[in-house]
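Secondary and tertiary structure notes
Residue-level listing of the chains:
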Amino acid sequence: MFGIGRSQLQHFRFRITGNGQRLFREALYATQNSDAETGISLFRSENYKAALPHLQRAAKAGNIQVLSYLGYMYEKGLGTTKNYTSAFNMYKRGADNGNAECIFRLGLLYENGMGVTANQAKAFTLFKQSADLNFAYAANQTSYCYRTGRGTDKNLSEAIRYAQKACDLGDTSPCEWLGFLYYNGEEITQDYAKALYYWTRPNTDYSQPTRFITALMLYMGQGTSQSVVSYPCAYK
């Protein structure tokens, strides 16, 4: 008896009727998920060459999750030849299906002119779209665009809102900037408690001046109900 591969399964799709169609879909879905899980696991262990065929098969079978991984591999040349066109196609397909990371990475291609003509306005639109789908890195990038006027008009209130969203979603990159805004009270109401909140986020790299100011605030009880004599170095 001959085995039936994925291509044969696809070929016989339209010949299966009734309950057989449901069983076929379940089998195809299981195969798709197996390849996706294996490919993503290999990607995360940096075994890119081995990950590639699994991710490609999962993408061909319709898995949307793997498209950001495939696009990144094509963009960076991980386990395959660098190919911006293929990266764009993967990201675009994912973006068209609402994948927030694909939308964000498509924005990066437009921002940097990789495989496409650089277009800062298009990049900003994609960053904001991804941020509104709660992708943390896109929220930070959107904040940066509003701060600098890159691809859009400058808007401090929106820059603050998206920076706060990024921090809340787990990208603490803009936390130091937010802390200084509230500490200095320039353009917004001074608020030591909020400054301290953004300067004491765990697993965040702060500059030495920020760490020094934070230590003084904690010692003097600024922005907190009681002073802290010992500088808390548990966070970076």
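Residues numbered from 1 in each chain as written. Predicted model: local features only at pLDDT ≥ 70, side-chain atom pairs only at ≥ 80, totals over all residues. Heavy atoms only, no water.

**Digging into the overall build of the chain**
What the chain contains, in helices and strands, is twelve helices and zero strands. Each of the 236 residues in the chain was classed as buried or not, and the buried ones make up 40%. (Helix = DSSP H or I, 4+ residues; strand = E, 2+ residues; numbered from the N terminus. Buried < 20%, exposed > 50% of the residue type's maximum accessible area, 1.4 Å probe, protein only.)

**Comments concerning the pattern of salt bridges**
Within this structure, the stated rule accounts for seven salt bridges. In this structure, R161 engages E158 in a salt bridge whose closest nitrogen and oxygen atoms are separated by 3.0 Å. Of this pair, R161 and E158 both sit in helix α9 (residues 156-169), separated by three residues, roughly a single helical turn. For R161, a relative accessible area of 42% corresponds to the partly exposed category. (Salt bridge = Lys/Arg side-chain N within 4 Å of Asp/Glu carboxyl O.)

**Some thoughts on the packing of helix α8 (residues 136-148) against α9**
To describe two helices that pack against each other, one gives the angle between their axes and the distance between the axes. Two elements in contact, α8 and α9, have axes separated by 8 Å at closest approach and are oriented at 160°. Relative to α9, the element α8 lies roughly antiparallel. Where α8 crosses over α9, the handedness of that crossing is left-handed. Contact with α8, carried on its side by A136, A139, N140, T142, S143, Y146 and R147, involves E158, A159, Y162, A163, K165, A166 and L169 of α9 and no other residues of that element. Grouping the amino acids of the contact of α8 with α9 by side-chain chemistry returns eight nonpolar, three polar and three charged. (Axes fitted to C-alpha atoms, helices over the stretch in contact; angles between N-to-C directions. Parallel < 35°, antiparallel > 145°, perpendicular 65-115°, else oblique. Left-handed = near helix turned anticlockwise from the far one by under 90°. Contact = heavy atoms within 4.5 Å. Nonpolar A, V, L, I, M, F, W, Y, C, P; charged D, E, K, R; others polar.)

**Here's the deal with the state of the cysteines**
Taken as a whole, this structure holds one disulfide when the rule is applied. There is a disulfide in this structure between C167 and C175, and the S-S distance comes to 2.5 Å. Here C167 falls in the buried class, since its relative accessible area comes to 2%. (Disulfide = S-S within 2.5 Å.)

**With respect to the side chain of E158**
Under the relative-accessibility criterion, E158 is labelled buried at 18%. There is a polar contact of 3.0 Å between the side chain of E158 and the side chain of R161. (Polar contact = N/O pair within 3.5 Å; in protein donor to acceptor, adjacent residues only side chain to side chain.)

**Observations regarding a nonpolar patch on the surface**
A contiguous nonpolar surface patch, about 460 Å² in accessible area, is contributed by F212, L216, Y219 and M220. Among the secondary structure elements, Y219 is positioned in helix α12 (residues 208-220). (Patch = residues over 30% accessible without salt bridge, like charges linked within 9 Å, V, L, I, M, F, W, Y side chains within 5 Å. Areas by Shrake-Rupley, 256 points an atom, 1.4 Å probe, with all protein chains shown as cover.)

**Some thoughts on unusual backbone geometry**
Glycine aside, residues mostly have negative phi, and peptide bonds are mostly found in the trans state. In this structure, E46 takes a positive phi of about 65° despite not being glycine. Take E46: it is sitting in the loop between α2 (19-44) and α3 (48-60). Unusually for a residue other than glycine, N134 sits at a positive phi of about 70°. Structurally, N134 is set in the loop between α7 (120-131) and α8.

**Details of the side chain of R201**
Relative to the helices and strands, R201 resides in the loop between α11 (192-199) and α12. It turns out R201 is buried and unbridged, and the closest side chain with the opposite charge, D168, is 4.3 Å from it. Within the structure, R201 has its side chain in polar contact with the side chain of Y197 (distance 3.2 Å). (Lys, Arg positive; Asp, Glu negative; His and termini not counted.)

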